[in-house]
Structure formats: structure tokens, C-alpha cells
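Residue-level structure breakdown
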Amino acid sequence: MAGGVLSGDMSSSPPFPSARREAALAALEDFIPRAGWNYAEQRNHDNGPSDRTNVSMLSPWIRLRQLTEWETVAAARREHDANSAGKFIDEVCWRTYWKGWLQLRPSIWTDYRRRVARLQMDEGMRGGVQAAMTGKTGIDCFDAWAQELVETGYLHNHARMWTASIWIHTLKLPWELGADWFLRHLLDGDPASNTLSWRWVAGLHTAGKTYLATRANIRRHTNDRFEVNAELATAPVAMPDFELPPIQPLKPGADWGEADEVAVLLTEDDLSAADWISSRTNVSTGAGFFPTAAYTAAGIADPVVAFRRAAMMDRTEAVWDDLGALRAWVESLPLKRLIMAEPPVGLTAELMPEIRQVCGDAGVDLRVVRHDWDHHFWPHATHGFFRFKKAIPAALSQLVGNQG
Ligand SMILES: Cc1cc2nc3c(=O)[nH]c(=O)nc-3n(C[C@H](O)[C@H](O)[C@H](O)COP(=O)(O)OP(=O)(O)OC[C@H]3O[C@@H](n4cnc5c(N)ncnc54)[C@H](O)[C@@H]3O)c2cc1C
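Residues numbered from 1 in each chain as written. Predicted model: local features only at pLDDT ≥ 70, side-chain atom pairs only at ≥ 80, totals over all residues. Heavy atoms only, no water.

**Notes on the overall build of the chain**
For the chain, the helix and strand inventory stands at 21 helices and five strands. Against the compact-globule benchmark of 22 Å for 404 residues, the chain has a radius of gyration of 21 Å, which places it among compact chains. A principal-axis box enclosing the C-alpha atoms of the chain has dimensions of 65 × 50 × 45 Å. Looking at the chain residue by residue over its 404 residues, the buried ones come to 53%. Within the chain, contacts between residues separated by at least 24 positions form 76% of all contacts whose residues are at least 6 apart in sequence. For the chain, the exposed surface amounts to about 17400 Å²; the carbon and sulfur share of it is 52%. Put simply, the chain has 42 plus and 50 minus side-chain charges, and the middle of one group is 5 Å from the middle of the other. (Helix = DSSP H or I, 4+ residues; strand = E, 2+ residues; numbered from the N terminus. Rg over C-alpha atoms; globule rule 2.2 N^0.38 Å. Buried < 20%, exposed > 50% of the residue type's maximum accessible area, 1.4 Å probe, protein only. Contact = heavy atoms within 4.5 Å. Areas by Shrake-Rupley, 256 points an atom, 1.4 Å probe, with all protein chains shown as cover. Lys, Arg positive; Asp, Glu negative; His and termini not counted. Charge placed at Lys NZ, Arg CZ, Asp CG, Glu CD.)

Here it is as C-alpha cells:
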């Protein structure tokens, strides 16, 4: 059994926060007084690693639903009116928007993963990519963010935009390798938010729109911490013509079935699942599946793996690290009904065929259910955020406050 002991847990050693739910709740409580106008007006400033009070830094927990979007938004609304909390709520919903957008176009993720594998074999660009990833480009701000990313697992949103822009448009490196570098080191590394934000900076999200970092903008929003000692690109790199794949209809979530008692399987995409599943059915046992080999194959950095595993350990008694251990557990279940939250496009979702096979072999009825939050929002992610945003008020009135 892989569960039980947090051996080599780096997740609570500074600069990494504790992965635990109680740490997430404490961080939320600490931040919420600042989630109103203060956040709306100040959030664009990257004051440096020693002062992050203008943003929440909640993303590593929200990524795993160690803290859910709905409870985060509910906490903001309890303390601020709709206007002043509006910006913060929008930002939390940006995450949901990207999730839904990718869910409707899953081939963007598979194409991106294929391109990363191909580009990693390209020796011609290895030197430039290596220099960028190790912060040795000679561009002062970029090198500082490269170091901060690897050492802390976090970058301010604006720094992410500037870093991606310099990577793509000034250093002229492939966006896919930059996205992969972020995904491997960010504690909040997320297939949807990360891949699609990089595509947006590259000019692949909205036709005709790219993001170009400028010296003046960087200096202004970093309180002149950097000289910005290089000429940054003034024109975007031309991208190949692209056409977005057609929208793929969402699979309907499974119905919950009739069984009185069920087992719950947690994955890293929703550690809150046991809570909301148990609000509708009787959960008698549960475990987590943490596919260590898939993480290793994807090159995910040790602190990220440690953080996520520790977060999962905090929510369930046993964590299975491979399909063999999962199979043994599934076979031992006295009840033949297993429920799990639908993993969105990403590493875990790629393993769904194997998980289904394990359950099928053991004669266990697997139900893959979708939380109401995702069920409500994802179908709205067909176009831009502006249109998507119109679905927020209904979510606030119907879903927020309802933790189930
Ligand atoms: C190139 C690039 C890559 C990114 N990669 C990721 C990633 O892998 N994972 C990730 O969670 N976010 C990613 N983001 C979005 C954003 O930068 C982070 O969510 C945010 O900086 C997290 O810090 P915070 O918790 O202090 O944010 P806050 O400003 O306090 O925002 C509150 C919450 O809202 C959500 N959020 C805020 N801004 C965004 C946004 N633009 N897109 C999506 N969600 C947002 C996050 O859950 C965040 O915790 C990326 C942005 C860019 C430009």
C-alpha cells in the first residue's frame, strides 16, 4: 500500500506551502478581506516574491480542488458586495472557462502533447531552450522569473504573461516547450489554464490577438525592479495558419445509480469529490489514484508531485500509485459500485481507459459523474470569456453556498 506515510514530503517546506486542506482554508481566510476593490485595483502588480499580498496565491489548492471554486467565490461574496468582489470572482471563473474550452476541444491537448514530444527531440533548439529554462538568457527580468518559477513553483499572472511573451516573440522559441516547462514546475500547473494561456500569448487563441511584453509595462508593474536590459520584440512571431477544431459535444455525466453504498475514487483534479459525492449517496470507503509513472514520464518536478500527493493523502486514507495497486483495491471492494469525479482533459483523463478496464475486469460498476459547477459552466465555453461570463450570475445564485 502506498498510502499512510508522507515520505519525502517537500510540500510543507518553504517556499512551498503546505498542501493540506487546513492550510488552504487558512490562506483563504487570510486573503478574503483583500478580495474586493483592493484586489481589483492592485492585482496586476508583480511586487516580487517577498510581497504577494495583492493576489491570493490560492491557485495550487484550487488546481486540485483542495479548495473549490464555489467555496472560494462564496467566501468572497460573504465579505464583499457583488461589485467589489466581481473582479476576483471573474478570475476564479477564468479557470473554469479554460477548463470548459479545452473540454470542448480535447484535440488541442493531444496535439500539443505530441508536438512537445517531437520538439524535445530537436537538437537544433536544445541550447536556446536550455538557456531559457535555466535563466541564462542575459535578459534580467526573464532570468529572474525562470529562477523564481523553478525555486518556488509560482509566478504572478503578469510575470507568466511576460515570460511567455519573451519566450515566444523575443527568444523565438516554440510555445509548446515553454508551456511544458511551466506545466512541469508550477504548483498550480494545469492542462487547460496553462496550455490555453500560452496559446493566447502566441496568438493562437483569438485570431489577430497576441500578447507582446514591453519594457515600459514590465517596469511599471514591477515597481522598476528590473532594468529590462534587452530589446524586446515589437512584432509578434508569425504563427502557422490555424483553425480551431470543431467543438466536440460534452459527454453526458453518468447517472448516479441506485446503490445505497458506494466507494469513491479521488484523482488530483478534484480532491473535494468525496465531499460532494457523499452529499448525494452513501460513501462507505474511498481511495485516491495518483499515477506516479505518468507524472515521471511527463517530467513533472518533484516539489509539484510531492505537493499533489500530500494534498491527496490529506483527503483519503489510501493513495494508489499505480494501476496494479488500484486493481487490487477495486477487486477487494465488497460493494460493486465505484464513483469518481470526471477528470477534465489532462494526464488523469488519459488514463481513463485503463481505469475503466480495471473496473470492468473486477465486475465493478464505475460511474463517472460531473459536478454541478462544471455541468453548468462548461457548455458556455464555446466562444470568448465575455460571453462565458454571462453564466456567472446564475451560478452564484444556484450553486454558490451549496457546497454539495
Ligand atoms: C502563460 C500563463 C500560464 C498560466 N498557467 C496556469 C496554470 O498552469 N495553472 C493555473 O491555475 N493558472 C495559470 N495561469 C493563470 C494565472 O496566471 C494563475 O491562475 C494565477 O496567477 C494564480 O495566482 P493566484 O492564485 O495568486 O491568482 P489570483 O489573482 O489571486 O486569482 C484567484 C484565482 O483565480 C484563478 N485565476 C486567476 N487568473 C487566472 C487566469 N488568467 N486563468 C485561469 N485562472 C485564473 C486561479 O485559480 C487563482 O488562484 C497562467 C497564466 C499565463 C499567462
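Structure shown, so let's carry the discussion forward.
**Notes on the sheet that holds strand 5 (residues 365–369)**
In spatial order, the strands read 3-2-1-4-5; together these five strands make up an open sheet with parallel pairing. In the strand order of this sheet, the two ends are held by strand 3 (319–320) and strand 5, each with one partner. Judged from the five bridges that link them, strand 4 (residues 337–341) and strand 5 form a sheet pairing that is parallel. Bridge assignment links Met 340 to a residue of strand 5, and that residue is Val 368. Together, strand 1 (261–266), strand 2 (282–289), strand 4 and strand 5 form the strand contacts of helix 18 (residues 352–361), whose direction differs from that of strand 5 by roughly 145 degrees. (Pairing = 2+ DSSP bridges. Axes fitted to C-alpha atoms, helices over the stretch in contact; angles between N-to-C directions.)

**Some thoughts on the confidence of the model for the chain**
Averaged over every residue, the pLDDT of the chain is 93; the share at 70 or more is 96%. Contacts from residues 1–10, a stretch scored under 50 in pLDDT, to residues over four places away or in other chains number 26 contacts. (pLDDT = per-residue confidence, 0-100.)

**Thoughts on the layout of surface pockets**
Approximately 1100 Å³ is the volume found for the largest pocket. At the level of secondary structure, the elements contributing two or more residues to the lining of the largest pocket comprise helix 3 (59–64), helix 5 (82–104), helix 9 (157–170) and helix 11 (191–202). In the lining of the largest pocket, the residues fall into 18 nonpolar, ten polar and eight charged. When we break the lining of the largest pocket down by domain, the ones giving at least three residues each are domain 1 (21–103 + 378–398) and domain 2 (116–221). Size it by volume and the second largest pocket reaches roughly 530 Å³. Taken together, 25 residues line the second largest pocket, and the ones lying closest to its centre are Gln 103, Lys 251, Glu 342, Pro 343 and Ala 349. Looking at the lining of the second largest pocket, the elements that each hand over two or more residues are helix 6 (107–120), helix 17 (347–350), helix 18 and strand 5. (1 Å grid on protein atoms, 1.4 Å probe; cavity = no way out; pocket = protein on both sides within 12 Å on 5 of 7 lines; lining within 4 Å. Points joined across faces, edges and corners; volume = space filled by probe spheres on them. Nonpolar A, V, L, I, M, F, W, Y, C, P; charged D, E, K, R; others polar. Domains from an automatic or database assignment.)

**Topic: the site of the ligand**
Not every one of the 28 residues close to the ligand is listed here, only the nearest: Tyr 39, Ser 56, Met 57, Tyr 154 and Asn 157. The contact in question runs from an oxygen atom of the ligand to an N or O atom on the side chain of Tyr 39, over 2.6 Å. At a separation of 3.4 Å, a nitrogen atom of the ligand approaches a polar side-chain atom of Trp 98. Within the complex, 96% of the 810 Å² of free accessible area of the ligand lies under protein. In this structure the site holding the ligand corresponds to the largest pocket. Within the residue set of the shell around the ligand, elements represented by two or more residues are helix 3, helix 5, helix 9 and helix 11. Top contributing element to the shell around the ligand by residue count: helix 5, with six residues. The class makeup of the residues in the shell around the ligand is 16 nonpolar, seven polar and five charged. (Near = heavy atom within 4 Å. Polar contact = N/O pair within 3.5 Å; in protein donor to acceptor, adjacent residues only side chain to side chain. Sits in = over half its atoms within 2 Å of the grid points.)

**So, the domain arrangement of the chain**
Domains assigned within the chain are domain 1 (21–103 + 378–398), domain 2 (116–221) and domain 3 (261–371). Domain 1 and domain 2 are separated by 23 Å when their C-alpha centres are compared. Buried surface at the junction of domain 1 and domain 2, both sides included, amounts to about 1800 Å², of which 58% is carbon and sulfur. The three residues of domain 1 that bury the most area against domain 2 are Asp 46, Arg 63 and Trp 98, which together make up 34% of that side's buried surface. Where domain 1 packs against domain 2, one counts four salt bridges. Its salt-bridge partner being Lys 99, residue Asp 190 comes within 2.7 Å of it at the nearest N-O pair. Secondary-structure elements contributing two or more residues to the side of domain 1 that touches domain 2 are helix 3 and helix 5. (Buried area = accessible area lost by both parts, 1.4 Å probe. Salt bridge = Lys/Arg side-chain N within 4 Å of Asp/Glu carboxyl O.)

**Topic: empty space enclosed by the protein**
Here the structure, examined in full by the defined rule, presents three cavities of 30 Å³ or more. As a volume, the largest cavity reaches approximately 110 Å³. Arg 65, Asp 269, Glu 342, Pro 344 and Asp 374 are the residues nearest the centre of the largest cavity, which is lined by 14 residues in total. Considering only residue class, the lining of the largest cavity consists of four nonpolar, one polar and nine charged. Considering only enclosed or pocket space, the second largest cavity measures out at about 80 Å³ in volume. Lining the second largest cavity we find Arg 63, Trp 109, Leu 183, Gly 189, Pro 191, Glu 268, Tyr 295, Ile 300, Val 304, Arg 308 and Leu 347. Its residues assigned to classes, the lining of the second largest cavity shows seven nonpolar, one polar and three charged.

**Some points on the nonpolar core**
One finds Leu 58, Trp 145, Ile 166, Trp 167 and Ile 218 to be the most contacted residues of the largest nonpolar core, which totals 110 residues. Tallying contributions element by element places helix 5 first for this core, with ten residues. Beyond its immediate stretch of four places on either side in the chain, Ile 166 contacts Ile 139, Cys 141, Phe 142, Trp 145, Leu 171, Lys 172, Ala 213, Ile 218 and Leu 232. The next biggest cluster of nonpolar side chains, apart from the first, holds 21 residues, and it includes Leu 265, Ala 318, Met 340 and Leu 351. (Core = buried A, V, L, I, M, F, W, Y, C linked by side-chain atoms within 4.5 Å.)

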